Amino acid sequence: MKNLKSKIKNICCIGAGYVGGPTMSVIADKCPDIMVTVVDINTEKINCWNEEDLKKLPIYEPNLEDVISRVRNRNLFFSNDIENSIKKADLIFISVNTPIKEKGIGSGKASNLKWVESSARQISSYAEGHTIVVEKSTLPVRTAETIKNILASSFKDNNKSFSVLSNPEFLSEGNALDDLLNPDRVLIGGEDYDSINALKEIYTRWVDSKKIICTNVWSSELSKLVANAFLAQRISSINTVSAICEASGAEVNEVAKAVGTDKRIGSKFLNPGPGFGGSCFKKDILNLVYLCNHFGLPEVAEYWEQVIKMNTWQQERIYKVVVSRLFGNVVNKKLAILGFSFKSNTNDTRESPAIELCKNLLNEGAFLAINDPKVKKNQIEKDLNLNESPDQDINFSEGGWYYEESVYNAIDKSDGVIILTEWNEYRNLDWDKISRITRKPAWIFDTRLIIDPIKVKEAGLNLWRLGDGNNR
Ligand code: NAD
Ligand code: UGA
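This is a predicted model, so every value here is computed, not measured. (Residues numbered from 1 in each chain as written. Chains lettered and ligands numbered in written order. Predicted model: local features only at pLDDT ≥ 70, side-chain atom pairs only at ≥ 80, totals over all residues. Heavy atoms only, no water.)

Enquirer: Just checking my understanding: could you explain the packing of helix α6 (residues 143-152) against helix α9 (residues 217-248) for this structure?
Expert: Axes are the key here: two packed helices are described by the angle between their axes and the distance separating the axes. Between α6 and α9, the least distance of the axes is 9 Å, while the angle of their chain directions is 125°. Taken together, the axis directions place α6 and α9 in an arrangement best described as oblique. Note on element contacts: α9 touches α6 through Val217, Trp218 and Glu221, opposite Thr143, Ala144 and Glu145. In terms of residue class, the contact of α6 with α9 is made up of three nonpolar, one polar and two charged. (Axes fitted to C-alpha atoms, helices over the stretch in contact; angles between N-to-C directions. Helix = DSSP H or I, 4+ residues; strand = E, 2+ residues; numbered from the N terminus. Parallel < 35°, antiparallel > 145°, perpendicular 65-115°, else oblique. Contact = heavy atoms within 4.5 Å. Nonpolar A, V, L, I, M, F, W, Y, C, P; charged D, E, K, R; others polar.)

And the structure:
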């Protein structure tokens, strides 16, 4: 029988994704005395996490390979044996996906909690003794109650007991290891003092206890949604400013710098771009909107909904700019798409602005050569719902695309180059060479403001930069 007051010896994490994998790697690294097992219903994913060749891990995250090579099979294990991993655990993180519902009540707005519920049911069936259950997934306010109810159904029979905590994750992809090692804060929501302390004890191995904030469960759940809503709101705000700059002759980076030097505003998260992507911003705001409507606050819901509307507007306006600069026609034209992930340093493409832009350009009849340093061809096929064209020659296949590993081959004979992700690989391209290999008059579209406009123009290329008043 596990003892409530004892130090945590066995952790199980349900969900081996972008959060579960890196978070548990860091916990295992910092707590060599704790056995950490990450389980998943996706056996293929677990096999990838166990791959000897670290290049085959299911996610790309800078420095993750180093940590994995230190801790895997020492005190970090990836397993399909959900039942036994839960049985052994004193503490279980639920780190499963919580996407937006696609049908039924709350469709397109509320979270689909089926994976969270199935995790709670697995815990309820297999746990033994006392178990601390920690919500790591981002969840609508009061989900802990649902988890408690499910767990309570198995309480009396088998000498089982549970306490439920909320401990939302704030890491951002591409910077996950640094975010986990040096978090701005760790948030723990709960009522049970012993369980909160047990979880705190894990984090204080490497996080200053002053950074650990304890709240009630509902505040913790809501804080996570609000943090993401505020971050996304900043991006939509600066993206609206990019449009004003283009119309008025101002330069968005100059405005962002001037505004961001005010300490009350701050300089971070003021980079304009093709719209925010990633699996969370949109879904978490939609969730907040759903909650506001549920609690009878339609004006508040409308306020937050506008952040998403502006994001969609930004994505569409970039598509329209590309088509209009190419004389309103992209048929029989090759366009090089540089970057398909939603941001640099990740292979994640969920909600990437590249997806809608590419779909729109394909629909217009363009032929696309898509390059990304980390996203694989089959992922792009899934996202575009379209197989790569069999003909990758310059005999442009209308509305077709192919995956091109070499940046310069992607650009070769193209009429336009669209930079969508801020990968370092795209920052210092050879513009003279590009000028020689493109079809004139070629256009360069920089939606991330990462290239030197003077060099591009000196090479004789046409340039459109997001938020640049000189575009007019
Ligand atoms: P993900 O899709 O990468 O991983 C979730 C994993 O859970 C999947 O591999 C899935 O197969 C597995 N799973 C689902 N149900 C299961 C079950 N019953 N038993 C075992 N495994 C199960 O998702 P993610 O990006 O890691 O996000 C997880 C949660 O964390 C979400 O709620 C998300 O909002 C939140 N979050 C994500 C990030 C991020 O950067 N991705 C950051 C902070 C918070
Ligand atoms: C975001 C938050 O930053 C994390 O704190 C949070 O834990 C996570 O969501 C989550 O809950 O999933 P992430 O989506 O991984 O992290 O990456 P961000 O760096 O926030 O970028 C999100 C999107 O906004 C990207 O498309 C990025 O290109 C865009 N962005 C970001 C901008 O356009 N401008 C900026 O200044 C910053």
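Enquirer: It is not clear to me how the pattern of salt bridges should be interpreted in this structure. Could you clarify?
Expert: A side chain with one charge can pair with a side chain of the opposite charge if their charged atoms come near. Evaluation of the coordinates by the stated rule reveals 21 salt bridges. We note a salt bridge from glutamate 169 to lysine 136, for which the minimum N-O separation is 3.0 Å. Of this pair, glutamate 169 sits in the loop between β6 (161-166) and α7 (176-181) while lysine 136 sits in the loop between β5 (130-135) and α6, placing them 33 residues apart in sequence. The pair formed by glutamate 169 and lysine 136 is uniform in burial state, with each residue classed as buried. Ionic pairing is found between aspartate 348 and arginine 350, a salt bridge with its closest N-O pair at 3.0 Å. For aspartate 348, a relative accessible area of 3% gives the class buried. (Salt bridge = Lys/Arg side-chain N within 4 Å of Asp/Glu carboxyl O. Buried < 20%, exposed > 50% of the residue type's maximum accessible area, 1.4 Å probe, protein only.)

Enquirer: Got a minute to help me understand the environment of methionine 310 in this structure?
Expert: Looking at the secondary structure, you find methionine 310 in helix α12 (residues 298-325). Along the chain, methionine 310 and phenylalanine 281 lie 29 residues apart, while their C-alpha atoms are 13 Å from each other. Excluding residues within four positions of it along the chain, methionine 310 makes contact with Ser236 and Thr240.

Enquirer: I keep staring at unusual backbone geometry and nothing clicks. Help me out?
Expert: Backbone geometry follows two general trends: most residues other than glycine have a negative phi, and most peptide bonds adopt the trans configuration. Cis rather than trans, the peptide bond between lysine 440 and proline 441 has omega equal to -5°. Structurally, the position occupied by proline 441 is in the loop between α16 (431-437) and β13 (443-446). At glutamate 351, a position not held by glycine, the phi torsion is positive, near 60°. Inspection of the secondary structure puts glutamate 351 in the loop between β9 (334-338) and α13 (353-363).

Enquirer: How should I be thinking about the site of ligand 1 in this particular structure?
Expert: For ligand 1, the set of nearby residues contains 27 residues, the closest of which are Asp40, Lys45, Thr98, Glu173 and Lys283. Glutamate 173 is positioned with one of its side-chain polar atoms (N or O) 2.8 Å from a nitrogen atom of ligand 1. Residue lysine 283 places a side-chain N or O atom 2.6 Å away from an oxygen atom belonging to ligand 1. Across the complex, the protein chains shield 93% of the 830 Å² of accessible surface that ligand 1 would expose by itself. By residue number, the principal contributor to the shell around ligand 1 is helix α5 (residues 114-126), which donates four residues. Classifying every residue of the shell around ligand 1 by side-chain character gives eight nonpolar, 12 polar and seven charged. (Near = heavy atom within 4 Å. Polar contact = N/O pair within 3.5 Å; in protein donor to acceptor, adjacent residues only side chain to side chain. Areas by Shrake-Rupley, 256 points an atom, 1.4 Å probe, with all protein chains shown as cover.)

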